[in-house]
Amino acid sequence: MINKITIQNFKSIKDRVEIDIKPITLLFGPNSAGKSTVVQALHYLKEVIQYDNPDPRKTAVGGNSIDLGGFKNIVHRESGDSVDHYKTKDIVIGIEIEESDYLDPETFEDEFQGAEDLLREAGYSPYFLEFTISWDERLNRPIVKRYDVTIKNQLIGRIEMTGYVSDDIQDK
């Protein structure tokens, strides 16, 4: 289960916000307070993770009902920002997850010897995944620039693009 979502530079949300998620979570507030933005951030994250799509217009789950308009339109924009503001701002979205739903060390112990012991020693419930999506000038499209995994506020893994571009990435 997702326990928490963090959002930064996504639509109306500029500064990092953390929202606790419970089995029943109600979002309420005045118009333009960001209620829809929270739901759209979850849809966006699903597009990034499940479909490797950091530039969605319509979402797979929402169809025509959820039109995000692509990366250029979902990066937070303030009055006075340039037309290409999306090239200088990163979207950051993270989720805290209970291990019982998504991480089962026994399922990958065969491939990664010692993984189960490592995770159990770390006390891996819950864990936090954070994605930083940035505009890549060379590819002329957004990419997942960084992916962090944190357990108990300790960074245990990071994958980060550092400028190397392989042929298979260029062809996307």
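Above this note sits the structure.
These numbers were taken from a predicted model, which means no experiment stands behind them.

Thresholds applied
Residues numbered from 1 in each chain as written. Predicted model: local features only at pLDDT ≥ 70, side-chain atom pairs only at ≥ 80, totals over all residues. Heavy atoms only, no water. Phe/Tyr/Trp six-rings, centres within 6.5 Å; stacked < 30°, edge-to-face > 60°. Helix = DSSP H or I, 4+ residues; strand = E, 2+ residues; numbered from the N terminus. Buried < 20%, exposed > 50% of the residue type's maximum accessible area, 1.4 Å probe, protein only. Polar contact = N/O pair within 3.5 Å; in protein donor to acceptor, adjacent residues only side chain to side chain. Pairing = 2+ DSSP bridges. Axes fitted to C-alpha atoms, helices over the stretch in contact; angles between N-to-C directions.

**A few points about the packing of aromatic side chains**
(1) Moving on: Summed over all chains, the structure comprises four aromatic pairs.
(2) Moving on: Note on Phe-10 and Tyr-44: the rings are 5.6 Å apart at their centroids and 40° apart in plane angle, and the pair reads as tilted. Here Tyr-44 lies in helix H1 (residues 35–51) and Phe-10 lies in the loop between strand E1 (2–8) and strand E2 (17–20), a separation of 34 residues in the sequence.
(3) Moving on: The buried category is assigned to Phe-10, whose relative accessible area is 0%.
(4) Moving on: Pairing Phe-131 with Tyr-147 gives two aromatic rings, centres 4.8 Å apart and planes at 40°, and the pair type is tilted. Remark: Tyr-147 occurs in strand E7 (residues 141–151) and Phe-131 occurs in strand E6 (residues 127–136); sequence separation between them is 16 residues.
(5) Moving on: Through pairs of rings, three or more aromatic residues link up here, namely Phe-71, Tyr-86 and Trp-135.

**Things to note about the side chain of Asp-148**
(1) Moving on: With respect to the element layout, Asp-148 can be found in strand E7.
(2) Moving on: The exposure class assigned to Asp-148 is buried, which follows from its relative accessible area of 6%.
(3) Moving on: Of note is the side chain of Asp-148, whose polar atom sits 2.6 Å from the side chain of Arg-158.

**Here's the deal with the sheet that holds E7**
(1) Moving on: Judged by pairing direction, the sheet is antiparallel, and its six strands sit side by side in the order E2-E1-E5-E6-E7-E8 without closing on themselves. Pairing within the sheet leaves two strands with one partner each, and these edge strands are E2 and strand E8 (154–160). Each neighbouring strand pair of the sheet contributes to a mean axis angle of 15°, computed without reference to strand direction.
(2) Moving on: The pairing of E7 with E8 spans six bridges and is classified as antiparallel. What sits directly across from Arg-146, in E8, is Glu-160.

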